[in-house]
Amino acid sequence: MKKVLGFFLLASTLLLSSCRTGGVIIRETPLNVSETRRAVMAVIGEPRSVSQNGREILSQFYDKKNKIIEKMDMARERYYTHVTVLGDRRPYDVQVEVLVEGRNEEGGFDLLDRDDDKAGVIAEKIRQSLNQSRDTRNVIDDFRSF
């Protein structure tokens, strides 16, 4: 009986402590990856980097008031948005994370925290942009029969 209880306790501990995704997830977006990327870039602006497959987008660094940081040597804390398109086919999920970095002793930046409140606001703007993009797309060009 003790072995069964111990196994159950171990299994439940592993289940509860498993990896958790941070940020906010927009479920089942019907657009393709390039249209989704275009809608995301309309919200976050010109990205700092985009992955090779176009599914991960990093925004420019900004401060607490959402203003882009121009002189990085003066900043003690910086924020950036990390958007990931999840899934291998449509409908895709879009994960939005806002990460906070703080300056360390050597002058570099270390990851401090995630700001899920800002991520929720940005995710809602992206959701609205995705819906607008869906209304304005050309249905005939979307199929590309040739």
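The preceding data block contains the structure.
### A look at a negative patch on the surface
On the surface, a cluster of negative charge is made up of Glu77, Asp113, Asp116 and Asp117. Inspection of the secondary structure puts Asp117 in helix H3 (residues 116-136). For Asp117, a relative accessible area of 65% gives the class exposed.

### Focus on the layout of surface pockets
When its volume is computed, the largest pocket comes out at roughly 290 Å³. Forming the walls of the largest pocket are 13 residues, and the residues nearest its centre are Val43, Ile44, Tyr62, Asn66 and Ile122. Of all elements in the fold, only helix H2 (33-44) and H3 reach the threshold of two or more residues within the lining of the largest pocket. The greatest single-element share of the lining of the largest pocket, amounting to four residues, is contributed by H3. Split by residue class, the lining of the largest pocket holds six nonpolar, four polar and three charged.

### Some words on unusual backbone geometry
Cis geometry marks the peptide bond from Arg90 to Pro91, where omega comes out at -5°. The topology assignment puts Pro91 in the loop between strand S4 (77-86) and strand S5 (92-103). A positive phi is found at Glu28, a non-glycine position, where the angle reads about 50°. Among the structural elements, Glu28 can be located in strand S1 (residues 24-29).

### Thoughts on the packing of aromatic side chains
In this description, an aromatic ring pair is defined by two values, namely the gap between the centres and the angle between the planes. Taken as a whole, this structure holds two aromatic pairs when the rule is applied. Between Phe61 and Tyr80 the ring centres are 5.6 Å apart and the planes differ by 85°, which places this aromatic pair in the edge-to-face class. Of the two residues, Phe61 is situated in the loop between strand S3 (56-58) and S4 and Tyr80 in strand S4; the sequence distance between them amounts to 19 residues. Each member of the pair, Phe61 as well as Tyr80, is classed as buried.

### Some thoughts on the pattern of salt bridges
In the structure shown here, the tally under the stated rule is four salt bridges. Glu124 is the partner of Arg127 in a salt bridge, and the nearest nitrogen-oxygen pair spans 3.4 Å. On the criterion of helical spacing, the pair formed by Arg127 and Glu124 is a turn pair, its members being three residues apart in helix H3.

### A closer look at the side chain of Asp115
Mapped onto the elements, Asp115 comes out in the loop between strand S6 (109-114) and H3. No salt bridge is formed by the buried Asp115, whose closest oppositely charged neighbour, Lys118, lies at an N-O distance of 5.0 Å. Within the local environment of Asp115, its side chain forms a polar contact with the backbone nitrogen of Asp117, the two atoms lying 3.3 Å apart. Here Asp115 is in contact with Tyr79, Val98 and Val100, once residues within four sequence places are set aside.

### Remarks on the nonpolar core
Judged by nonpolar contacts, the single largest core of 18 residues is most densely connected at Ile26, Val40, Val83, Val96, Val98, Ile122 and Ile126. At the level of secondary structure, the elements contributing two or more residues to this core comprise H2, S4, S5 and H3. If you tally residues by element for this core, the top one is H3, at five residues. What Ile126 contacts, discounting residues up to four positions off in sequence, is Ile26, Val40, Val43, Val83 and Val96.

What counts and what doesn't
- Residues numbered from 1 in each chain as written.
- Predicted model: local features only at pLDDT ≥ 70, side-chain atom pairs only at ≥ 80, totals over all residues.
- Heavy atoms only, no water.
- Patch = residues over 30% accessible without salt bridge, like charges linked within 9 Å, V, L, I, M, F, W, Y side chains within 5 Å.
- Areas by Shrake-Rupley, 256 points an atom, 1.4 Å probe, with all protein chains shown as cover.
- Salt bridge = Lys/Arg side-chain N within 4 Å of Asp/Glu carboxyl O.
- Lys, Arg positive; Asp, Glu negative; His and termini not counted.
- Charge placed at Lys NZ, Arg CZ, Asp CG, Glu CD.
- Helix = DSSP H or I, 4+ residues; strand = E, 2+ residues; numbered from the N terminus.
- Buried < 20%, exposed > 50% of the residue type's maximum accessible area, 1.4 Å probe, protein only.
- 1 Å grid on protein atoms, 1.4 Å probe; cavity = no way out; pocket = protein on both sides within 12 Å on 5 of 7 lines; lining within 4 Å.
- Points joined across faces, edges and corners; volume = space filled by probe spheres on them.
- Nonpolar A, V, L, I, M, F, W, Y, C, P; charged D, E, K, R; others polar.
- Phe/Tyr/Trp six-rings, centres within 6.5 Å; stacked < 30°, edge-to-face > 60°.
- Polar contact = N/O pair within 3.5 Å; in protein donor to acceptor, adjacent residues only side chain to side chain.
- Contact = heavy atoms within 4.5 Å.
- Core = buried A, V, L, I, M, F, W, Y, C linked by side-chain atoms within 4.5 Å.

So yeah, pure geometry; function would need other evidence.
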